[in-house]
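Fold and contact review
As a plain string of letters, each chain reads:
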Amino acid sequence: MLEARSLYFAYPDGPAVLDGVDLNLANGEIVALLGASGCGKSTLLRVLSGLEPLQAGKVDWHEKPDFSFVFQEAALMPWATVANNVALPLTIAHTVNRAQIAEALTEVGLEGFEERYPATLSGGQKMRVSIARALAAKPALMFLDEPFGALDEILRFQMNALLLNVRAQHDLTCLFVTHSIYEAAYLADRVLVMHGGRITDEYKPQLDRSMSASDQRASVAFFGAVKNIGDLLGRGEA
Amino acid sequence: MKKFLLPLIALVVVLLTWHFYVIWAEVPKFVLPGPGAVFGALVDGAPSLFASAIITLKITLYALFAAAFSGVLLALLFSISRSFEMTVYPFAVVLQVTPVVAIAPLVLIWVGIDNVDQAQIIIAWLVAFFPILANMSAGLRSVDRNLNDLFVLYKASRWQRFWLLLWPTAMPYLLASLKVSGGLALIGGVVAEFVAGSGGSSGLAWRIIEAGNRLQMEKMFAGLLLLAVIGMGIFYGFSALERLVLRNRR
């Protein structure tokens, strides 16, 4: 889907945040970017999505996909109903379609919530609406910037399962930033470890997706992944 | 219920204290009339007092409307051009910090003493305008960063960004400033009338001056009472509007 070479980015008057990032994304994979705060993972998402300009390097889209973005905060419009929040990308593109909105809401387990307002939702429900909004326009690629970082662990598990579910039903590629080793090990097909503005290591957890969520989390592959990713991160720090 | 009952009880206590103090201390009517006498003056002078109250209310609302329109417009221009904001903002501050009583005579001379109502609207606009500008500017700047990014990613047009994001974001700020500016517009209108002293004006302030000149203290109090009622009406009216418009946000 995407091939990026030697990406460079620095904020004005600041040191390089991205300093030679090489990255490939294949169709349908979930890739986690993991690293300490300030290592450039969020900036990488912003540069790839076009929110920040590319200062040097090259991004090759094999076929430029529609993409969407999920932030750490749900970032909902408090004045709009759940349906209108989910409809945002469609509203902007003038292609509002009630059936599509209902479908996106069903996908995140919020059927019947159309007319509710964000103020009446729990934190987890808000995050689901945020994901439904990202899904509404049926993107091929989803950028997620620490999407579940503000949620408690129970909700986080649910959201992780939800994302895997969504991916299984669509041809969806995800690039997500996290600083949870466990989340990366469970969710990602490929974990990229970032350090000092570049990608220093890569690890493939290879969980058996045919097992139940809890069995996957108890599997040898999962704990092996957690250990190995932890070691890779530690190496970067040392 | 308690919200209404407590101030009501306080009001009754104050009125009773006032009533009995005036009787007990034998305060002359031309110094402090009792609440009964004030009520009597209100009833007796009802036709002229209420006609004046309507005039004052109209002037206040015209000025407030003008202030809201110009304040919102200028805030929008500020949000579009930072250089424009840097150029104009200090002058807006000058208008705000210069005491309005000192500006009023100048305005009166410019519009002519026969057009006190125009002077009232201009002066009321002057004082009501700044809080709306300042609040609206803050509101337009308080857009959620992530939402703003989404609008960029989904390639929203300028108009979509304004109607779907900026305007609703700034709405609570605008409504809050209307509550403040409503009271200020009333003050501005009254100040202009006081400075004019006499002439073409026939608002509540003029009724108060007139009654004062004739030592009709109870009528002065009746005029004051009506001014207070108008001010409260504007404040609670906008509070109600605010609750209505923002009811789904909390």
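Refer to the structure presented above.
These remarks concern the structure in this document.

Analysis parameters
Residues numbered from 1 in each chain as written. Chains lettered and ligands numbered in written order. Predicted model: local features only at pLDDT ≥ 70, side-chain atom pairs only at ≥ 80, totals over all residues. Heavy atoms only, no water. Core = buried A, V, L, I, M, F, W, Y, C linked by side-chain atoms within 4.5 Å. Buried < 20%, exposed > 50% of the residue type's maximum accessible area, 1.4 Å probe, protein only. Contact = heavy atoms within 4.5 Å. Buried area = accessible area lost by both parts, 1.4 Å probe. Salt bridge = Lys/Arg side-chain N within 4 Å of Asp/Glu carboxyl O. Polar contact = N/O pair within 3.5 Å; in protein donor to acceptor, adjacent residues only side chain to side chain. Helix = DSSP H or I, 4+ residues; strand = E, 2+ residues; numbered from the N terminus. Nonpolar A, V, L, I, M, F, W, Y, C, P; charged D, E, K, R; others polar.

Residues and elements named next belong to chain A. Within the largest apolar cluster, 82 residues are counted, with the highest numbers of intra-cluster contacts made by L48, F143 and L175. Apart from residues lying up to four places away in sequence, F143 is in contact with L45, L48, S49, W61, F67, S68, F69, V70 and L175. Listed in part, the 53 residues of the second largest apolar core include L34, V86, F113 and L155.

Counting from both sides, the interface comprises 22 residues of chain A and, opposite them, 20 residues of chain B. For the pairing of chain A and chain B, the buried interface totals around 1,900 Å² over both sides, and the portion due to carbon and sulfur atoms is 69%. The tally of links between chain A and chain B comes to one salt bridge. As a salt-bridge pair, R46 of chain A and D149 of chain B come within 2.7 Å of each other at their nearest N and O atoms. The interface formed by chain A and chain B includes five residue pairs in polar contact (both at pLDDT 80 or more). Those elements that provide at least two residues to the side of chain A that touches chain B are α1 (41-49), β5 (67-70), α3 (88-92) and α5 (123-136) of chain A. Examining the composition of the side of chain A that touches chain B, we find that four residues originate from one element, α3 of chain A, more than from any other. In terms of residue class, the side of chain A that touches chain B is built from 15 nonpolar, four polar and three charged.

All told, the structure shown has 17 salt bridges over all chains when counted by the stated rule. Between R190 of chain A and E29 of chain A there is a salt bridge, with its nearest N and O atoms 2.7 Å apart. Pair noted here: R190 of chain A is in strand β8 (residues 190-195) and E29 of chain A is in the loop between β2 (16-25) and β3 (30-34), with a separation of 161 residues, a long-range link. The class of R190 of chain A is buried, set by a relative accessible area of 9%. The class for E29 of chain A is buried, based on a relative accessible area of 12%. Here R207 of chain B ties to E210 of chain B by a salt bridge, and the two come within 3.0 Å at their closest N and O atoms. Taken together, the residues R207 of chain B and E210 of chain B, both in helix α9 (residues 204-213) and three residues apart, mark about one turn of the helix. Note on R207 of chain B: relative accessible area 16%, which makes it buried. On the accessibility criterion, E210 of chain B (16% relative accessible area) is buried.

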